[in-house]
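Residue-level structure breakdown
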Amino acid sequence: MQIADRLKKIPPYLFVELRKKINKAKAEGIDVISLAIGDPVEPTPDSIIDELCKKARDPENHRYPTDEEKGMLAFRQEIARWYNTRYGVSLDPGMEILGLIGSKEGCHHFVLGCINPGDTVLMTDPGYPAYRASILMGGGVPYNVPILAENRYFPVFEDIPTDVAKKARGIFLNYPNNPTGACATRGFFDRLVEFARQFDIAVCYDNPYGEILFDGQERLSFLMASGAKDVGVELNSLSKLFNMTGWRIGMAVGNVDIISAMSKVKENTDSGIFNPIQYAGLHALKYEAKNIDHMLKIYGRRREMVLETLRRIGIVFDAPKGTFYLWVPVPRGMKSLEFTNLLFDKAAIVVAAGTAYGQYGEGYIRIALTVSDARLREALERIERALS
Ligand SMILES: *Cc1c(COP(=O)(O)O)cnc(C)c1O
């Protein structure tokens, strides 16, 4: 049986490898705590589940959701209202919004909609591994742009070779950033718009952590930048904000041509999102913003717990203020993978090695704040014991 070459270029998905390692230890009876994956343990708020159940009872909603090709109009209208109230960004629900089965789907459709085989697509190193997979599956050529601590985890556009920039037709960016936690600034958006204009590069700005911010960090959408809609789209998602990772619902918003191209890909791929899930998503945006505040208190508390333990064992750093991850420098003289293995072998704690996100992730591990407080406390006690 032939397997397509494009798949052979995709490295194994990080979490698949991790899961294998965890399962093996668990089978041996070891109580493994995973701080590797960012997937909230708290349930989806009740009212959202109720809305799903109610709408699922209506046979009207059992049919193909294709009446409106970009997703239900009511859902898109609610997304427009959300962007207006949260970011002061106005969007036309008819032309500038596309419902998605999560932001990850959007990454894929962006490439299929905007990139020709052989085109260069820029992404960051470290960066979210799904961008590379999407680029490769769409026949594009990924080019890694380093984002380094010394540049506050922003790409330096002037350092991208001109011949690369000229060949590039797309760029993936993501702030608040997974894995580093770094947050965007308005100044950065302006530089991004200028760079995209100069080289005619479509921007795919992935913003699923847009609300997960600490210490008064400003909430930002790329579309707040002047000219942003001329050059790109923003992907967003209900996954991380409403504890809905398994529901698969999100959106792309922004540039009319890109939205229309992505919509054409989507129509010809999956025929849309189950209507009751769109209703539930609408409900989440309309009534459950309070869940975000609730979760921020929880993540903020856990963040302090981790930072305090790290300080006690001598790991002191200036933690960026976004996402529910901490990007933690490993002890001096150690490699990411070495430290990751040490935590697993000595404490049965799983963390993500920084190098899983690219070569410039060397020297870091990523800790997710999405386990319960009790498990996190236990994990931190074990880490402290293992390292002292
Ligand atoms: C979690 C995550 C996603 C996936 O979001 P879904 O909407 O669940 O597909 C996309 N991008 C980044 C950077 C993420 O961390």
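Residues numbered from 1 in each chain as written. Predicted model: local features only at pLDDT ≥ 70, side-chain atom pairs only at ≥ 80, totals over all residues. Heavy atoms only, no water.

Here the focus is the packing of aromatic side chains. Inspection of every chain in the model, using the stated rule, returns 20 aromatic pairs. Aromatic pair Y128 and Y131: ring centres 5.2 Å apart, planes at 70 degrees, arrangement edge-to-face. A centroid spacing of 5.3 Å and a plane angle of 85 degrees characterise the contact between Y209 and F324, whose relative ring orientation is edge-to-face. Of this pair, Y209 sits in the loop between strand 6 (202–206) and helix 9 (228–231) while F324 sits in the loop between helix 12 (289–312) and strand 9 (325–329), and the two are 115 residues apart along the sequence. (Phe/Tyr/Trp six-rings, centres within 6.5 Å; stacked < 30°, edge-to-face > 60°. Helix = DSSP H or I, 4+ residues; strand = E, 2+ residues; numbered from the N terminus.)

Running from amino to carboxyl end, helix 12 crosses helix 14 (residues 373–387) at an angle of 10 degrees, the nearest separation of the two axes being 10 Å. Classified by the angle between their axes, helix 12 and helix 14 sit roughly parallel to one another. Residue-level inspection shows I298, R301, R302, M305, V306, T309 and R312 of helix 12 in contact with helix 14, the latter providing D373, L376, R377, L380 and E384. In terms of residue class, the contact of helix 12 with helix 14 is built from five nonpolar, one polar and six charged. (Axes fitted to C-alpha atoms, helices over the stretch in contact; angles between N-to-C directions. Parallel < 35°, antiparallel > 145°, perpendicular 65-115°, else oblique. Contact = heavy atoms within 4.5 Å. Nonpolar A, V, L, I, M, F, W, Y, C, P; charged D, E, K, R; others polar.)

With that settled, the discussion passes to the site of the ligand. Around the ligand lies a shell of 14 residues, among which D206, Y209, S237, S239 and K240 are the nearest. The contact in question runs from an oxygen atom of the ligand to an N or O atom on the side chain of S237, over 2.5 Å. Within the contact set of the ligand, an oxygen atom lies 2.6 Å away from a side-chain nitrogen or oxygen of S239. Starting from 390 Å² of accessible surface for the ligand in isolation, the protein chains cover 94%. Of the residues contributing to the shell around the ligand, the split by class is four nonpolar, six polar and four charged. (Near = heavy atom within 4 Å. Polar contact = N/O pair within 3.5 Å; in protein donor to acceptor, adjacent residues only side chain to side chain. Areas by Shrake-Rupley, 256 points an atom, 1.4 Å probe, with all protein chains shown as cover.)

For the rest of this paragraph, the subject is the layout of surface pockets. When its volume is computed, the second largest pocket comes out at roughly 360 Å³. Around the second largest pocket, the lining is made up of 17 residues, and of these R152, D318, A319, P320 and K321 lie nearest the centre. Among the residues forming the lining of the second largest pocket, the class breakdown is 12 nonpolar, two polar and three charged. Taken domain by domain, the lining of the second largest pocket gets at least three of its residues from each of domain 1 (5–44 + 290–387) and domain 2 (46–288). (1 Å grid on protein atoms, 1.4 Å probe; cavity = no way out; pocket = protein on both sides within 12 Å on 5 of 7 lines; lining within 4 Å. Points joined across faces, edges and corners; volume = space filled by probe spheres on them. Domains from an automatic or database assignment.)

What the domain assignment reports for the protein chain is domain 1 (5–44 + 290–387) and domain 2 (46–288). Just the C-alpha atoms count here: the centres of domain 1 and domain 2 sit 25 Å apart. Listed by partner, the interface residues are 35 residues for domain 1 and 44 residues for domain 2. Run the count over domain 1 and domain 2 and you get two salt bridges. (Salt bridge = Lys/Arg side-chain N within 4 Å of Asp/Glu carboxyl O.)

This brings us to the pattern of salt bridges. One pass over the full model with this rule turns up 22 salt bridges. Linking D373 and R302 is a salt bridge whose minimum nitrogen-to-oxygen distance equals 2.7 Å. With D373 in helix 14 and R302 in helix 12, the pair connects residues that are 71 residues apart, well separated along the chain. The pair D373 / R302 is uniform in exposure class, with both members buried. Through salt bridges with shared partners, one network takes in D31, R375, E378 and R382. (Buried < 20%, exposed > 50% of the residue type's maximum accessible area, 1.4 Å probe, protein only.)

We now examine helix 12. Here helix 12 spans 35 Å end to end across 24 residues, near enough to the 34 Å set by a 1.5 Å rise per residue. After helix 12 finishes, the residue G314 shows a positive phi value of roughly 90 degrees. (Expected span 1.5 Å × (residues − 1).)

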